[in-house]
Amino acid sequence: MLRTASLVRTLEVGAAAQGPIRQFDGHQFINFCSNDYLGLANHPALKTALVEGVEKFGVGAGAAALLSGYSEAHHALEVELANYLGHERALLFSSGYLANLGVIGGLVNRHDCVFHDRLNHASLIDAIRLAGARHVRYRHADPLALADRLADSAQPAWIVTDGVFSMDGDLAPLPQLAELAVRYDAVLICDDAHGFGVLGNGAGTVASFGLESRAVPIQMVTFGKALGTVGAAVLGPAVVIETLIQSARTFIYDTALPPALAWTTSCALRLATRESALRTQLFANIKLFKAGLHAAGLPVPMSTTPIQPLVLGESSAALAAAAALRERGLYVRAVRPPTVPIGTARLRICISAAHTALQIERLIDGLQAIRPLFPEASRA
Ligand SMILES: *Cc1c(COP(=O)(O)O)cnc(C)c1O
């Protein structure tokens, strides 16, 4: 059933480290499907930091944070994140998925209503379902549609959105959402997994709009993307963080992150925020990619972030495109329903600061070679 619809997912074993060159099945590929936007996952300074962290703290936390698993490395990272992002306090989780389950589950009441963007990440959708509250999905990135929905509701309201949408690379209209939150007395929560470390000089989507952190009172950032490590944090007012410590089940009942990884993530945060050259390189690469598409007469995504989707439509077309690119040594994966809406199967291309100009040119050449797979209307 899934196979006939070209929807089967396959797991491939990569050899050696994450990076712009990745080995699968004994062959080397230029890798365009990693969220390691700054090339930190295999960065020498972070490898050194991890070894140092292991020497200091061993390999595992050994317990949940509320038992004995919380260390000075965790605490320091929370303080650094809160200071950097301009929130009162931060709380670490083992992953972004768990942070979303924890923050929604820990804060949202059964009698509340959650308004969420139609294209939000799956972890937010699951979190909202699990919370058992009423929920309303509004049209993607559409404040007017949201305003209509908010006006109809008398319950305490939460507005939940991705900062950067993970399959389209576009941004949530945060200034308008923040305004609606004030007008309708709702609380705005932003999941900035893809914006953190990348946009706003590293501080993320909220900062990229020039908004004060209190305009988005609760923020979630992850470390597995631009920071190159693993884990996540929820940031917000001290009273909210205290509530989460008492009520977020994925915090309370989960073994704390290995402290060595919290230590390494502190180092990654310093690198990502101080080394603006990494971001300059990333945005130069994005520009190069888009200019290459344009010069080749190929469709150019609207996205200004490292996530550059090329929509092909049918799942079979996206799979054929990924297979043809693979033949040319280019590793790009087809993203299909239900991850994206039916009829919008796509190549989700991710650009990194670690790519060379030559690697990006090879990608453009490959895309040119599969031009017949692009929808009629988008072909030059
Ligand atoms: C990746 C991602 C998550 C999950 O984060 P993990 O740390 O990988 O569990 C949550 N939200 C968004 C928008 C993401 O892209």
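Residues numbered from 1 in each chain as written. Predicted model: local features only at pLDDT ≥ 70, side-chain atom pairs only at ≥ 80, totals over all residues. Heavy atoms only, no water.

Tallied over the full model, the rule gives 5 aromatic pairs. Measuring from centroid to centroid gives 6.3 Å for F24 and F29, while their planes differ by 50 degrees, and the two rings are tilted. F24 gets classed as buried once you look at its relative accessible area, which sits at 6%. Look at F29 and Y331: their rings are 5.6 Å apart centre to centre, the planes differ by 50 degrees, and that puts the pair in the tilted class. Residue F29 is located in strand β3 (residues 27-31), and its partner Y331 is located in strand β12 (residues 330-331); the two are separated by 302 residues in the primary sequence. Y331 matches F29 in its accessibility class, with the two residues each being buried. Among the aromatic side chains, those forming a connected cluster through ring pairs are F24, F29 and Y331. (Phe/Tyr/Trp six-rings, centres within 6.5 Å; stacked < 30°, edge-to-face > 60°. Buried < 20%, exposed > 50% of the residue type's maximum accessible area, 1.4 Å probe, protein only. Helix = DSSP H or I, 4+ residues; strand = E, 2+ residues; numbered from the N terminus.)

Take D191: it is sitting in strand β8 (residues 186-191). Although D191 is buried, it forms no salt bridge, and the closest oppositely charged side chain is K225 at an N-O distance of 6.7 Å. Within the structure, the side chain of D191 is placed 3.1 Å from the backbone nitrogen of A193, a separation counted as a polar contact. Setting aside anything within four residues of it in sequence, one finds D191 in contact with N100, H121, S123, L124, T161, D162, G163 and M220. (Lys, Arg positive; Asp, Glu negative; His and termini not counted. Salt bridge = Lys/Arg side-chain N within 4 Å of Asp/Glu carboxyl O. Polar contact = N/O pair within 3.5 Å; in protein donor to acceptor, adjacent residues only side chain to side chain. Contact = heavy atoms within 4.5 Å.)

Now for unusual backbone geometry. With an omega of 10 degrees, the peptide bond running from P337 to P338 counts as cis. Among the secondary structure elements, P338 is positioned in the loop between β13 (334-335) and β14 (345-350). Within the chain, A16 stands out as a residue other than glycine whose phi angle is a positive 60 degrees. With respect to the secondary-structure elements, A16 resides in the loop between β1 (14-15) and β2 (21-24). On the accessibility criterion, A16 (76% relative accessible area) is exposed. In this model, A141 sits at a positive phi of 50 degrees, which is unusual for a non-glycine residue. Checked against the element boundaries, A141 lands in the loop between β6 (134-138) and α6 (143-151).

This part takes up α6. Of the residues making up α6, those classed as buried are P143, A145, L146, A147 and L150. On its buried face, α6 is in contact with β5 (113-117), β6, β7 (157-162) and α7 (174-183). One side-chain oxygen of the residue at the start of α6 lies 3.0 Å from the amide nitrogen of L144, identifying that residue as D142.

For the chain, the domain assignment lists domain 1 (14-31 + 275-379) and domain 2 (44-274). Taken over C-alpha atoms, the centre of domain 1 sits 28 Å from the centre of domain 2. At the interface, 18 residues of domain 1 touch 19 residues of domain 2. Counting the surface lost from both domain 1 and domain 2, the interface buries some 1300 Å², and carbon and sulfur atoms represent 60% of this. The largest share of the area that domain 1 buries against domain 2 comes from E275, R279 and I307, three residues that together contribute 42% of it. The interface formed by domain 1 and domain 2 contains 1 salt bridge. Its salt-bridge partner being R346, residue D168 comes within 3.0 Å of it at the nearest N-O pair. (Domains from an automatic or database assignment. Buried area = accessible area lost by both parts, 1.4 Å probe.)

In this section: the sheet that holds β14. One key point about sheets: their strands pair by backbone hydrogen bonds, in either a parallel or an antiparallel sense. Taken in spatial order, the 3 strands of this open sheet run β11-β14-β13, and their pairing is antiparallel. With partners counted over all chains shown, the strands left at the sheet margins are β11 (307-313) and β13, one partner each. Relative to β14, β13 runs antiparallel, the two sharing 2 bridges. Of the residues in β14, the one forming a bridge with A334 is L347. (Pairing = 2+ DSSP bridges.)

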